Every structure is written in C-alpha cells, then in structure tokens.
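# Structural description and commentary
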Amino acid sequence: MRAIFLGLMLAAGVATAAAAQSIAGRYEVHGTNPNGSTYAGTAEITQTSESTCRIAWHVGSEWRGICMLNGGAFAAAYHSGNTSGLLIYRRGGDGTLSGVWTVGAGANGTETLIPMR
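Computed from a predicted model, the values in this text were never measured in an experiment.

### Some thoughts on the overall build of the chain
The helix and strand inventory of the chain stands at one helix and eight strands. The helix and strand sequence of the chain, counted from the amino end, reads α-β-β-β-β-β-β-β-β. The 117 residues of the chain split such that 27% are buried. For the chain, contacts bridging at least 24 residues in sequence account for 29% of all contacts bridging at least 6.

This is the structure in structure tokens:
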C-alpha cells in the first residue's frame, strides 16, 4: 500500500514539474527600443519539447524565432528579413517574462511578455 501511495506521489510530482515548465500560449508584448521609443503587440509561443519552443511576435512587423526554457530563465533567438537577435528573459511567478534584447549593434531594448488568460 505504501509503495502504491509513494508511486502516485512521485507521478504527481513529475506531472507538476512538467506543467510548471510549460510556457506555451499567447502573450501581450510591451517593449522599449534602444532609442527609447516603445512598441506593443502580441506574441505566441508554441512548445516543441519540455524545454524548447518556437515564438512569433506581431509588433507592427512579424518576427519569428526559437526559444528555450531552463528553470526561471528563458532565451530566444529571432529573425526578420536580414536582421537577427537575441532575447534573455526572467520568468516571474505569474508567468510574465521580462528581459532585454539586442540585434548585436551594442544597444539593448527591453521587453515584457504578459500571459493572455
């Protein structure tokens, strides 16, 4: 009996850990460009494995990329036309992603993704 209970508890813990890692969904986007101007729009994240995903931003123009989740850290590489860049976010307890991005030109922007419920 104890072995069955322990097995059920272990299975529940694994399912909870996997659910906590899920990042898939639609997000509101709020950002600041390196020159201080702001932008807004939406983003959609599609999970491709427990830790990897695809991401698409719709912020006046469309950007697409790949992403990876590791605990509370989230990173994405993106491109549009001949421009590519990198984002590094920190995941908040409410699922909000906040961080910085660059296109490799020595200047950073900021961005926040807020889950759309």
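### A closer look at the environment of His-79
Among the secondary structure elements, His-79 is positioned in strand β5 (residues 73–80). For the pair His-79 and Val-103, spaced 24 residues apart in the sequence, the C-alpha separation amounts to 9.3 Å. Residues within four places of His-79 in sequence aside, it is in contact with Trp-63, Arg-64 and Ser-84.

### Re the packing of aromatic side chains
For the structure shown, the criterion picks out four aromatic pairs. Relative to Tyr-78, the ring of Trp-57 lies with its centre 5.7 Å away and its plane at 70 degrees, an arrangement referred to as edge-to-face. Of this pair, Trp-57 sits in strand β3 (residues 52–58) while Tyr-78 sits in strand β5, and the two are 21 residues apart along the sequence. Classification of Trp-57 by relative accessible area gives buried; the value is 4%. Members of the aromatic cluster, connected to one another through ring pairs, are Trp-57, Trp-63 and Tyr-78.

### Quick notes on the pattern of salt bridges
One pass over the structure, following the stated rule, counts two salt bridges. Here Arg-26 makes a salt bridge to Glu-44, at a shortest N to O gap of 3.8 Å. Within this pair, whereas Arg-26 is found in strand β1 (residues 25–32), its partner Glu-44 is found in strand β2 (residues 38–47), the two being separated by 18 residues in sequence. Judged by its relative accessible area of 39%, Arg-26 is partly exposed. Since its relative accessible area comes to 36%, Glu-44 is described here as partly exposed. Between Arg-64 and Glu-62 there is a salt bridge, with its nearest N and O atoms 2.5 Å apart.

What counts, and at which threshold
Residues numbered from 1 in each chain as written. Predicted model: local features only at pLDDT ≥ 70, side-chain atom pairs only at ≥ 80, totals over all residues. Heavy atoms only, no water. Helix = DSSP H or I, 4+ residues; strand = E, 2+ residues; numbered from the N terminus. Buried < 20%, exposed > 50% of the residue type's maximum accessible area, 1.4 Å probe, protein only. Contact = heavy atoms within 4.5 Å. Phe/Tyr/Trp six-rings, centres within 6.5 Å; stacked < 30°, edge-to-face > 60°. Salt bridge = Lys/Arg side-chain N within 4 Å of Asp/Glu carboxyl O.

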